[in-house]
Amino acid sequence: SNVIAKTALTGKVKLAIEQVSNTKFKLSWNQIDGATRYIVYCRRNSESYRKVLTLGKDDVSYTTGSLAGGNYRFIVRAARYDSKDRVMTNNSNSVQAQVTLEAPVMKVTSQSKAVTVSWQSVEGVTNYEVYMATSKDGKYIICHDDNISRVCGVDLVIEETNYDELRKIPVYNKDGSINND
């Protein structure tokens, strides 16, 4: 029988992390002799690790895109895939990144039967949800065109084009009471 022995990759991938911005991180690691690629894995919060991408033999760093809020762990494995065999190293050490998104600064103005909600974009946030209640202790509902007039009795103008985590935003009158108009 023709049995081809696999040649193991020797060495351990040593992974380091550096924060580039509030939501981006640079991973870097040592080169492993004989590796033809490096595979980056990530998990968010309590999820399982998932392959993020495969990089070439000369690539020893990767900068993430903007990450959503949460706790992240990364690992890297070196691999050699050729006509003879496919071998991988054990997992590198894991490194952790935590992304805490800033709360948006909001401006709410009201006029007769109309409310305008505006805010500045927050780095790393691509979507926002606006919630509204009709009383201080009322049930908050997500505001969008098909339910805001029916439920809240007002027209809503949202001035930020990015709609993820604006939560429980009561609209107040000048006297401090909830705006029910």
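Provided above is the structure to which this section pertains.
Residues numbered from 1 in each chain as written. Predicted model: local features only at pLDDT ≥ 70, side-chain atom pairs only at ≥ 80, totals over all residues. Heavy atoms only, no water.

Q: Let's hear about the overall build of the protein: which residues, and what values?
A: The number of helices and strands found in the protein is one helix and 13 strands. Listing every helix and strand of the protein by position from the N terminus yields β-β-β-β-β-β-β-β-β-β-β-β-α-β. The burial tally for the protein puts 35% of its 181 residues in the buried class. As presented, the protein carries roughly 11,300 Å² of accessible surface, and 44% of it is formed by carbon and sulfur atoms. (Helix = DSSP H or I, 4+ residues; strand = E, 2+ residues; numbered from the N terminus. Buried < 20%, exposed > 50% of the residue type's maximum accessible area, 1.4 Å probe, protein only. Areas by Shrake-Rupley, 256 points an atom, 1.4 Å probe, with all protein chains shown as cover.)

Q: Summarise the sheet that holds strand 2 (residues 25-29); cite the residues concerned and give the values.
A: Read across the sheet, three strands follow the order 1-2-5 without closing on themselves; strand pairing throughout is antiparallel. Lying at the two open borders of the sheet, with one neighbouring strand each, are strand 1 (15-19) and strand 5 (61-63). Neighbour-to-neighbour, the strand axes of this sheet turn through a mean angle of 15 degrees, independent of strand direction. As judged from the five bridges shared by strand 1 and strand 2, these two strands associate in the antiparallel manner. Within strand 2, the position partnered with Ala16 by the bridge is Ser28. (Pairing = 2+ DSSP bridges. Axes fitted to C-alpha atoms, helices over the stretch in contact; angles between N-to-C directions.)

Q: Could you give me a rundown of the packing of aromatic side chains, with the residues and numbers involved?
A: The tally for this structure, following the rule as stated, stands at two aromatic pairs. With a centroid separation of 5.9 Å and 50 degrees between ring planes, the pair formed by Trp29 and Tyr38 is classed as tilted. Comparing Trp29 with Tyr38 shows no difference in burial state: the two are buried. Between Tyr72 and Phe74, the ring centres sit 6.5 Å apart and the planes meet at 15 degrees, which makes this aromatic pair stacked. Classification of Tyr72 as buried rests on a relative accessible area of 5%. (Phe/Tyr/Trp six-rings, centres within 6.5 Å; stacked < 30°, edge-to-face > 60°.)

Q: Run through the nonpolar core, naming residues and quoting values.
A: Across soluble globular proteins, you tend to see nonpolar side chains buried next to one another. Formed by 22 residues in total, the largest nonpolar core has its most connected members in Leu27, Trp29, Val40 and Phe74. For this core, the secondary structure elements donating two or more residues are strand 2, strand 3 (37-44), strand 6 (70-81) and strand 8 (95-99). Leaving out residues up to four positions away in the same chain, Val40 has contacts with Leu27, Trp29, Arg50, Lys51, Val52, Leu53, Leu55, Tyr62, Phe74, Ile75 and Val76. With five residues, the next largest nonpolar core counts Val117, Trp119, Val122 and Tyr128 among its residues. (Core = buried A, V, L, I, M, F, W, Y, C linked by side-chain atoms within 4.5 Å. Contact = heavy atoms within 4.5 Å.)

Q: Which residues make up unusual backbone geometry, and what values do they have?
A: Phi angles above zero are rare outside glycine, and Asn45 is one such case at about 50 degrees. Position of Asn45 relative to the elements: it lies in the loop between strand 3 and strand 4 (50-56).

Q: Provide a residue-level description of the environment of Gln120, including the pertinent values.
A: Topologically, Gln120 is positioned in the loop between strand 10 (114-119) and strand 11 (131-132). The class of Gln120 is exposed, set by a relative accessible area of 64%. Residues Gln120 and Val105, spaced 15 residues apart in sequence, show a C-alpha to C-alpha distance of 6.3 Å.

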